[in-house]
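As a plain string of letters, each chain reads:
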Amino acid sequence: QVQLVESGGGLVQAGGSLRLSCAASGSWFRFKTMAWYRQAPGKQRDWVATVTLGGTTDYAESLKGRFTISRDNAKNTVYLQMNALKPEDTAVYYCNTVPHVPRYWGQGTQVTVSS
């Protein structure tokens, strides 16, 4: 059974930074493209960023320059560094494979950015 556990969220003021972590179970991790997604209150779950097996990254256009995705295959972990946070970044953040697998969704980690 695949398990993905997100952590690192919290309450920050606008302009602040957070680093999220996603810890994955099993040896499958290094063979999968991984992504971060987020879901704001009352909104659809949106794609945030992707990192491929070789470390190539891609981002939602509105987030380029503020967010950085990375991975450490030795630790089975993917990270999301978030800088210059804005209130509209408030959401529950999730990780998953690309394409996502519904049963892989974990509990996510809450990020709240105050004005």
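Worth saying up front: this structure is predicted, and the values here are computed from it rather than measured.

1. Considering the state of the cysteines
Inspection of the entire model under this criterion finds 1 disulfide. The disulfide that involves Cys22 links it to Cys95, with 1.8 Å between the sulfurs. On the sign convention where negative is left-handed, the bridge of Cys22 and Cys95, at about 60° about the S-S bond, is right-handed. Residue Cys22 is located in strand E3 (residues 18-24), and its partner Cys95 is located in strand E9 (residues 91-97); the two are separated by 73 residues in the primary sequence.

2. A few points about the sheet that holds strand E8 (residues 77-82)
Pairing is antiparallel in the open sheet, where 4 strands are placed in the order E1-E3-E8-E7. Only two strands of the sheet have a single partner each, and these edge strands are strand E1 (4-7) and strand E7 (67-72). Across the sheet, the axes of successive neighbouring strands diverge by a mean angle of 15°, strand direction being ignored. Sheet analysis places E3 next to E8, joined by 6 bridges and oriented antiparallel. Residue pairing for E8: Leu20 is matched across the bridge by Leu80.

3. Remarks on the sheet that holds strand E6 (residues 57-59)
Strand pairing in a sheet relies on backbone hydrogen bonds. The paired strands run either parallel or antiparallel. If you trace the 6 strands from one edge of the open sheet to the other, you get E2-E10-E9-E4-E5-E6, paired in mixed fashion. On the outer flanks of this sheet lie strand E2 (10-13) and E6, each paired with one strand and no other. Strand after strand, the sheet turns through a mean of 25° between neighbouring axes, direction not considered. Across 6 bridges, the pairing between strand E4 (residues 34-39) and E9 is antiparallel. From the neighbouring strand, Ala35 faces E9, where its bridge partner is Asn96.

Reading the values: the criteria
- Residues numbered from 1 in each chain as written.
- Predicted model: local features only at pLDDT ≥ 70, side-chain atom pairs only at ≥ 80, totals over all residues.
- Heavy atoms only, no water.
- Disulfide = S-S within 2.5 Å.
- Helix = DSSP H or I, 4+ residues; strand = E, 2+ residues; numbered from the N terminus.
- Pairing = 2+ DSSP bridges.
- Axes fitted to C-alpha atoms, helices over the stretch in contact; angles between N-to-C directions.

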